[in-house]
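Structural features, examined
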Amino acid sequence: MRGRKSIVLVTVDCLRADHVGFMGYGRPTTPFLDSLAQQSFVVPTAIVAGAPTYYSLPAITASRYPLALGRDVLGVGPEEPTLASVLKGAGYSAAAFAGGNPYLSARFGYERGFDLFRDYLESDGAQTMEENPQPAASSGLAGRLNRKLQAIRPAMGPLGFVYDALYFEYCQRVTPAPASLDSLRRFPAADVIVDDACRWLASVSYTPFFLWLHLMDPHSPYCPKDAALGLMGQKPVTPYRARYMNSYWNRSDLGPRRFQRHRDEVVGLYDAGVRWVDEQMKVLVEFLQHANRWDDSIFVLTADHGEEFLDHGGRYHPPSRLMEELIHVPLLLRIPGVSKREVSKAPFSLIHLAPTLLDAVQLTAPVEFHGRSRFGALQRGERFEGVALSECVAGCTNPFHAENRIGPRVLSVREARYKLVLHFDPVAEDLYDLEADPGEQTPLASTEQKAVRRRLLEIAREHLKQAIAHQESPARVQALLRDLQIEWNHAPGKASPVAS
Ligand SMILES: [Zn+2]
């Protein structure tokens, strides 16, 4: 089966485009990937089709808009064709190492097409990542007093803010200091994933392979490896300080001005997470080189979404406004035997990534894929017809609660220069001129650029029409049946309605 190129796909959780060196970041987060970028296509405007993870990955793995099967369906349908299933059908060995993100599990269909799928989840993935609890207060007298004070907190008026600050500091001090940064981390670090991946690579015979790694190092809580801080030239961070920073950043009682005072320190921790990814990519590539597999391996690195650091007052990556810090991600594409060319600045939606990769290994994309190959345009250095749509359900921060999934949709339509963000409840449309206002600080007045607004609205309308047409698809029905069975299996005292 030798002949086709192998594919290594790396998705990094929360990696925003402007925090990698090859996209112009000033700090040394990605020296290895920067060197790889010299021989790779670097897509300047890669845009995710949804955010966060659960609205992004269906587009990356199955080239399908995240809400196309209905807002209540999460993940990939049981029989939907995916990049992995097509490659598997063509004789590839396939393995995925998805580093502990509960939305990337077999439960949501992501194991489809893989011989080996490892999600590093302890249970069946029925957990959320949105809870980021404050350290608990003691159960002694002080703890009881605090609980009483908390009960009367709403009546405290302006004094309540002083109480909040004191209570936060108190909790930090009474909670025993963690032993290490490693003990604070919730996900396996990139070295664990890369080690496992290398072991698998060593075990596959010389067929082409597809390897997918999903790395969580830049995801909150921001607890980088000590070694990564050293590589960044940063001073060591004590485990106490790292926990303090993460707890502070997670407070719900503060406004952006108060968060601003610790922003740079938090970003320093995040950047060190990116640096560890870079270091481990070097390990992986060197392994492939020594194993004589690098010369026929396509290597792709991108992200499922970015991360907010108060750019518009927000933190983390909630589904809300689809601003650039959330939807603009790096995309580095190294294809052996294909010379690097400059890539058009027009948006490259990640919906096109899977068909582009299949094209690069001379396989036909399934008709179900929404995206189209950009391989020819990349090879020839041509401009794409560039529009990228991104969508999410506003406020759905915990989709394990099915009722959270049925909020109002947010949709953005991004061209090279203009971007329209549509909210449906309450109805609002914000048009940005990204050339004049790259930080998206001020939407254009409704009287400005009417023709542009009309054009982007028409694209949005067509997208919504397509989404409605998909609602009757067999893929939706299959996904709903799967979810029903999972719910049934988890209901206490119930046996599965389907014979196993
Ligand atoms: Zn994510």
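I will try to describe carefully the structure that is included in this document. (Residues numbered from 1 in each chain as written. Predicted model: local features only at pLDDT ≥ 70, side-chain atom pairs only at ≥ 80, totals over all residues. Heavy atoms only, no water.)

Counting buried positions over the seven residues of strand E7 (residues 297-303) gives seven, a clear majority of the element. On E7, burial covers both faces: Ser297, Phe299, Leu301 and Ala303 on one face and Ile298, Val300 and Thr302 on the other are all buried. Summarising the sheet, strand E1 (residues 6-12) and E7 pair through seven bridges and their orientation is parallel. Following the sheet pairing, threonine 11 is matched in E7 by threonine 302. Pairing between E7 and strand E11 (residues 331-334): four bridges, direction antiparallel. Across the sheet, the residue bridging to leucine 301 is leucine 332, located in E11. (Buried < 20%, exposed > 50% of the residue type's maximum accessible area, 1.4 Å probe, protein only. Helix = DSSP H or I, 4+ residues; strand = E, 2+ residues; numbered from the N terminus. Pairing = 2+ DSSP bridges.)

Let's shift gears to helix H5 (residues 159-174). Along its 16 residues, H5 runs 22 Å from first to last C-alpha, staying within 8% of the 22 Å computed at 1.5 Å per residue. Buried within H5 are the following residues: Gly160, Tyr163, Asp164, Tyr167, Phe168, Tyr170, Cys171 and Gln172. (Expected span 1.5 Å × (residues − 1).)

Summarising the metal site, the zinc ion is bound by the protein donors Asp13 (OD), Asp13 (OD), Thr53 (OG1), Asp304 (OD) and His305 (NE2), whose distances to it range over 2.0 to 2.7 Å. Read N to C, the donor residues that coordinate the zinc ion are spaced as D-x39-T-x250-D-H. Linking aspartate 13 in the loop between E1 and helix H1 (31-37) with aspartate 304 in the loop between E7 and strand E8 (308-309), this pair joins segments that are 291 residues apart in sequence. Like aspartate 304, aspartate 13 is buried. (Donors = N, O, S within 2.8 Å, 3.2 Å for Na, K, Ca; no water.)

Once that is clear, we can look at the sheet that holds strand E6 (residues 209-215). In space, the seven strands of this open sheet follow the order E2-E11-E7-E1-E6-E4-E5, with mixed pairing throughout. Since the sheet does not close on itself, it has two edges, and those belong to strand E2 (41-42) and strand E5 (116-118), each with one partner. Across the face of the sheet, helix H7 (residues 190-203) comes into contact with strand E4 (93-98), E5 and E6 while running at roughly 170 degrees to E6. Against the sheet, helix H10 (residues 256-290) makes contact with E1, E6 and E7, and its axis sits at roughly 165 degrees relative to E6, the strand it touches most. (Contact = heavy atoms within 4.5 Å. Axes fitted to C-alpha atoms, helices over the stretch in contact; angles between N-to-C directions.)

With that out of the way, let us pick up the packing of helix H9 (residues 239-249) against H10. One can describe the packing of H9 onto H10 by two numbers: an axis separation of 10 Å at closest approach and a directional angle of 130 degrees. Between H9 and H10, the angle is such that the two are oblique. Every pair of crossing elements has a handedness; the one defined by H9 and H10 is left-handed. Taking contact as the criterion, the partners of Arg241, Tyr244, Met245, Asn246, Tyr248 and Trp249 in H9 are, on H10, Arg258, Phe259, Arg261, His262, Arg263, Glu265, Val266 and Leu269. By residue class, the composition of the contact of H9 with H10 is seven nonpolar, two polar and five charged. (Parallel < 35°, antiparallel > 145°, perpendicular 65-115°, else oblique. Left-handed = near helix turned anticlockwise from the far one by under 90°. Nonpolar A, V, L, I, M, F, W, Y, C, P; charged D, E, K, R; others polar.)

Here we take up the pairing of E4. A large share of E4 lies buried, amounting to six of its six residues. Burial along E4 is two-sided: Ser93, Ala95 and Phe97 facing one way and Ala94, Ala96 and Ala98 facing the other are all buried. The pairing of E4 with E6 spans six bridges and is parallel. Opposite serine 93, over in E6, you have phenylalanine 209 as the bridge partner. Relative to E5, E4 is paired through three bridges, and the arrangement is parallel. Paired with alanine 95 across the bridge in E5 is leucine 116.

Under the definition given, this model contains 22 aromatic pairs. Aromatic side chains tyrosine 270 and phenylalanine 309 sit 4.8 Å apart centroid to centroid with 70 degrees between the ring planes, which places their arrangement in the edge-to-face category. In this pair, tyrosine 270 is assigned in helix H10 and phenylalanine 309 in strand E8, connecting sequence segments 39 residues apart. One exposure class covers both tyrosine 270 and phenylalanine 309, and it is buried. Put simply, the rings of Phe168, Tyr222, Tyr240, Tyr244, Tyr248, Trp249, Phe259, Tyr270, Phe309 and Tyr316 pair up and form one aromatic cluster. Of note, arginine 251 hangs over the ring of phenylalanine 168, and the distance from its end group to the ring centre comes to 4.5 Å. Geometry around tryptophan 294 places arginine 334 over its ring, the cationic atom sitting 3.8 Å from the centre. (Phe/Tyr/Trp six-rings, centres within 6.5 Å; stacked < 30°, edge-to-face > 60°. Lys NZ or Arg CZ within 6 Å of the ring centre and 35° of its normal.)

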